[in-house]
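Chain residues, written in single-letter form:
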Amino acid sequence: ASAAGGGAGGGAEDDLKYVFKEGKKIGTHYYLIEMATDGRTLAISAYEGDQQRTLELVVNERNHRRIFRELNGDYSLIADKLRIEGDQLVLDTSGGPLDRGGSTPDSAMASKMASTT
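Colleague: Can you walk me through the pattern of salt bridges in this structure?
Modeller: Side chains that differ in sign of charge can pair as their charged atoms come close. Under the definition given, this model contains eight salt bridges. The closest approach of N and O atoms between glutamate 34 and lysine 21, which form a salt bridge, is 3.2 Å. In this pair, glutamate 34 sits in strand β2 (residues 29-37) while lysine 21 sits in strand β1 (residues 17-26), placing the two residues 13 residues apart along the sequence. Looking at lysine 21, the relative accessible area reads 58%, which means it is exposed. Across the pair aspartate 92 and arginine 83 runs a salt bridge, and its minimum N-O distance is 3.5 Å. Here aspartate 92 falls in the partly exposed class, since its relative accessible area comes to 23%.

Put into structure tokens, the structure is as follows:
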């Protein structure tokens, strides 16, 4: 008797916990935002129904912990920071509690995070 749904990958997705699921307007389009975490990385997906496309962003553990701490664990505040740049989903860390250093490497980091798949 094997585990149900035991596809390739060894069941890593079984450890994912969905922490946010809500519709939000980003720019001019309305997206269904979902966030899931395995306790380390944060996977964010944004589905846009009219064009039937999904954009995804994976936030590494270090940045996930920092964002989580700075926004007091409120994933809806993280969702408020989502932006679309070109065809990529990014976190806008300029202004607000995420912009503490006075420098701008965070926007470059957001772009870098968005380009990792």
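Colleague: Any chance you could explain the nonpolar core here in plain terms?
Modeller: Counting residues in hydrophobic clusters, the biggest one holds 19 residues, and the most contacted among them are Ile33, Met35, Ile44, Leu82 and Leu89. When contributions to this core are tallied by element, the ones reaching two or more residues are β1, β2, β3 (42-48), β4 (53-59), α2 (75-80) and β6 (88-91). For isoleucine 44, the contacting residues outside a window of four places in its chain are Ile33, Glu34, Met35, Leu55, Glu56, Leu57, Val59, Leu82 and Leu89.

Colleague: Can you help me understand helix α1 (residues 61-70) in this one?
Modeller: Side chains that are three or four residues apart share a direction in an α-helix, a result of its 3.6 residues per turn. Restricting attention to buried positions, one finds in α1 the residues Asn63, His64, Arg66, Ile67 and Glu70. Buried residues of α1, viewed axially, fall in a sector of 165°; they line one side. Of the residues in α1, the exposed ones pointing more than 90 degrees away from the buried face are Arg62 and Arg69. Just downstream of α1, asparagine 72 is the residue with a positive phi angle, here 55°.

Colleague: Would you mind going over the packing of aromatic side chains with me for this structure?
Modeller: Ring pairs (aromatic) are described by centroid distance and by the angle formed between their planes. Under the defined criterion, the tally for this structure stands at one aromatic pair. Judged by centre distance (5.5 Å) and plane angle (50°), the ring pair of phenylalanine 68 and tyrosine 75 falls under tilted. Given a relative accessible area of 10%, tyrosine 75 falls into the buried group.

Colleague: Could you clarify how one ought to interpret unusual backbone geometry in this entry?
Modeller: Trans is the prevailing form of peptide bonds, just as negative phi is the prevailing case for residues other than glycine. The phi angle at glutamine 52 is positive, at roughly 50°, despite the residue not being glycine. For glutamine 52, the position within the fold is in the loop between β3 and β4. Residue glutamine 52 is classed as exposed on the basis of its relative accessible area of 62%. The backbone phi angle of asparagine 72 is positive, close to 55°, even though this residue is not glycine.

Colleague: It is not clear to me how the confidence of the model for the chain should be interpreted in this structure. Could you clarify?
Modeller: Interpretation of the predicted coordinates at a detailed level should be avoided for regions scoring low in pLDDT. Summarising the model, the chain shows a mean pLDDT of 79, and 68% of its residues fall at 70 or more. Here residues 1-10 is modelled with pLDDT under 50, and outside its nearest four sequence neighbours on either side it reaches zero contacts, counting other chains as well. Long-range and interchain partners of residues 100-117, a stretch whose pLDDT sits below 50, account for 23 contacts in this model, where long-range means more than four residues apart.

Colleague: Help me understand the pairing of β3, please; the structure alone is not making it clear to me.
Modeller: With five of seven residues buried, β3 lies mostly within the body of the structure. Taken together, the six bridges between β2 and β3 define a ladder with antiparallel strand orientation. Directly across from methionine 35, in β3, lies its bridge partner isoleucine 44. Where β3 meets β4, seven bridges bridge the pair, whose relative direction is antiparallel. Paired with leucine 42 across the bridge in β4 is valine 59. The hairpin formed by β3 and β4 contains four residues between the paired strands, and glutamine 52 there has a positive phi angle of roughly 50°.

What counts and how
- Residues numbered from 1 in each chain as written.
- Predicted model: local features only at pLDDT ≥ 70, side-chain atom pairs only at ≥ 80, totals over all residues.
- Heavy atoms only, no water.
- Salt bridge = Lys/Arg side-chain N within 4 Å of Asp/Glu carboxyl O.
- Helix = DSSP H or I, 4+ residues; strand = E, 2+ residues; numbered from the N terminus.
- Buried < 20%, exposed > 50% of the residue type's maximum accessible area, 1.4 Å probe, protein only.
- Core = buried A, V, L, I, M, F, W, Y, C linked by side-chain atoms within 4.5 Å.
- Contact = heavy atoms within 4.5 Å.
- Arc of directions from axis to C-beta.
- Phe/Tyr/Trp six-rings, centres within 6.5 Å; stacked < 30°, edge-to-face > 60°.
- pLDDT = per-residue confidence, 0-100.
- Pairing = 2+ DSSP bridges.

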